[in-house]
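# Architecture at a glance
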Amino acid sequence: MGDSQTWTAAPSAAEHARSVLAASWSCAVTAEGGREEFVGAHTVAEDGRVTLDVPEDSTLVAAAICAPRGEPSAVLEFADVAPVPVRSRIRARLWIAGWFVPVDGRLEFKATRVVLRRPSGAVVVDLDEFAAAAPDPLATAEARLLTHLADCHPDAVERLTRLVDADSLHGAVRVQPLAVDRHGLTLRIERARAHGDVRLPFHAPADDVARLTERMHVLLTQASAASCPRALQRQRTDRDG
């Protein structure tokens, strides 16, 4: 379920797709009725083109050689997994349909369709927008940043809940950092049988880790000046008792 917190600036679908691609270490490929998983085998060009380095005996090599040129014959799948343990850790999935072309012992993928599926639904990403978009500048550092926040600064996470509407915290049993990008931080609010996400926007984009640190300090200062939500106060009382 979702929450009522207002979402402001956020990455476009093309930027989100490119961020998923930039941060993904593994790739699933479906072709010729089969499915193979590859870890650390793909590289991404500046325009989003994916190239796979696969063993010579991979069925993908034969499929690439035999497939009709120009006809979609394979689908690449990338999963965007939350680095912090939460319910429903798959934050998004990216599918790229197209065909492979053997180039210098590697397989270059020619995309014909890009689909990004988020909790809000699936969206078809325009190929030109996908090629022109850049990944979020924090995409490759996000996992390290979020795990550090969750593991080393749980008090800061709890303080940030003061910026969340009290209604969104009703029944909350745990709050964890779910995602961060240049525009804001997203918190996952877990309840006994459900969960929801709220976004805390930055006052200005954070285009690198140094700027992110400053943006987080601003949020924490705002949170320190806010009153503790009654819902969270009740949780503390119950937990302390």
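Residues numbered from 1 in each chain as written. Predicted model: local features only at pLDDT ≥ 70, side-chain atom pairs only at ≥ 80, totals over all residues. Heavy atoms only, no water.

### A closer look at the environment of Glu-214
- Checked against the element boundaries, Glu-214 lands in helix α7 (residues 209–225).
- Looking at Glu-214, its side chain comes within polar contact range of the side chain of Arg-215, at 2.4 Å. (Helix = DSSP H or I, 4+ residues; strand = E, 2+ residues; numbered from the N terminus. Polar contact = N/O pair within 3.5 Å; in protein donor to acceptor, adjacent residues only side chain to side chain.)

### Some points on the sheet that holds strand β9 (residues 172–181)
- Taken together, the three strands give an open sheet; going across it, the order is β9-β10-β11, and neighbouring strands pair in antiparallel fashion. Each end of this open sheet is capped by a strand with a single partner; those strands are β9 and β11 (195–201). Neighbour to neighbour, the strand axes of the sheet diverge by 25 degrees on average, direction disregarded.
- Sheet topology places strand β10 (residues 184–191) next to β11; seven bridges connect them, and they run antiparallel. Its bridge partner being in β11, Glu-190 is matched across the sheet by His-195.
- Across the face of the sheet, helix α4 (residues 142–152) comes into contact with β9 and β10 while running at roughly 150 degrees to β9. (Pairing = 2+ DSSP bridges. Axes fitted to C-alpha atoms, helices over the stretch in contact; angles between N-to-C directions. Contact = heavy atoms within 4.5 Å.)

### Describing the nonpolar core
- Membership of the largest hydrophobic core comes to 30 residues, with the highest contact counts inside it found for Leu-160, Leu-185, Leu-187, Phe-202, Leu-212 and Met-216.
- Put simply, the parts of the chain that give this core at least two residues each are α4, α5 (154–160), β9, β10, β11 and α7.
- The dominant element in this core, judged by the number of residues it contributes, is β9, at five residues.
- Apart from residues no more than four positions distant in its own chain, Leu-212 is found in contact with Leu-138, Leu-145, Val-180, Phe-202 and Ala-206.
- Among the nonpolar cores identified, the runner-up in size contains 29 residues, and Ala-41, Val-50, Leu-60 and Phe-109 belong to it. (Core = buried A, V, L, I, M, F, W, Y, C linked by side-chain atoms within 4.5 Å. Buried < 20%, exposed > 50% of the residue type's maximum accessible area, 1.4 Å probe, protein only.)

### Things to note about unusual backbone geometry
- A positive phi is found at Ser-88, a non-glycine position, where the angle reads about 50 degrees.
- Relative to the helices and strands, Ser-88 is located in the loop between β5 (74–81) and β6 (90–103).
- Using a relative accessible area of 45% as the deciding quantity, one classes Ser-88 as partly exposed.
- Residue Asp-104 is not a glycine yet carries a positive backbone phi of 50 degrees.
- Its location among the elements puts Asp-104 in the loop between β6 and β7 (106–118).

### Here we look at the pairing of β9
- For β9, a buried count of eight out of 10 residues is recorded, marking the element as mostly surrounded by other parts of the structure.
- Linkage of β9 to β10, two consecutive antiparallel strands, is achieved through a turn of two residues.

### Remarks on the side chain of Asp-80
- Here Asp-80 is to be found in strand β5.
- Residue classification places Asp-80 among the buried residues on the basis of a relative accessible area of 13%.
- Among the polar contacts made by the side chain of Asp-80, one reaches the side chain of Arg-91 at a distance of 2.7 Å.
- When neighbours within four sequence positions are excluded, Asp-80 is seen to be in contact with His-16, Val-20, Arg-89, Ile-90, Arg-91 and Ala-92.

### Let's talk about the packing of aromatic side chains
- Summed over the entire model, instances satisfying the criterion amount to one aromatic pair.
- With a centroid separation of 4.8 Å and 65 degrees between ring planes, the pair formed by Phe-100 and Phe-109 is classed as edge-to-face.
- Against the face of Phe-130 rests Arg-18, its NZ or CZ located 5.6 Å from the ring centre. (Phe/Tyr/Trp six-rings, centres within 6.5 Å; stacked < 30°, edge-to-face > 60°. Lys NZ or Arg CZ within 6 Å of the ring centre and 35° of its normal.)

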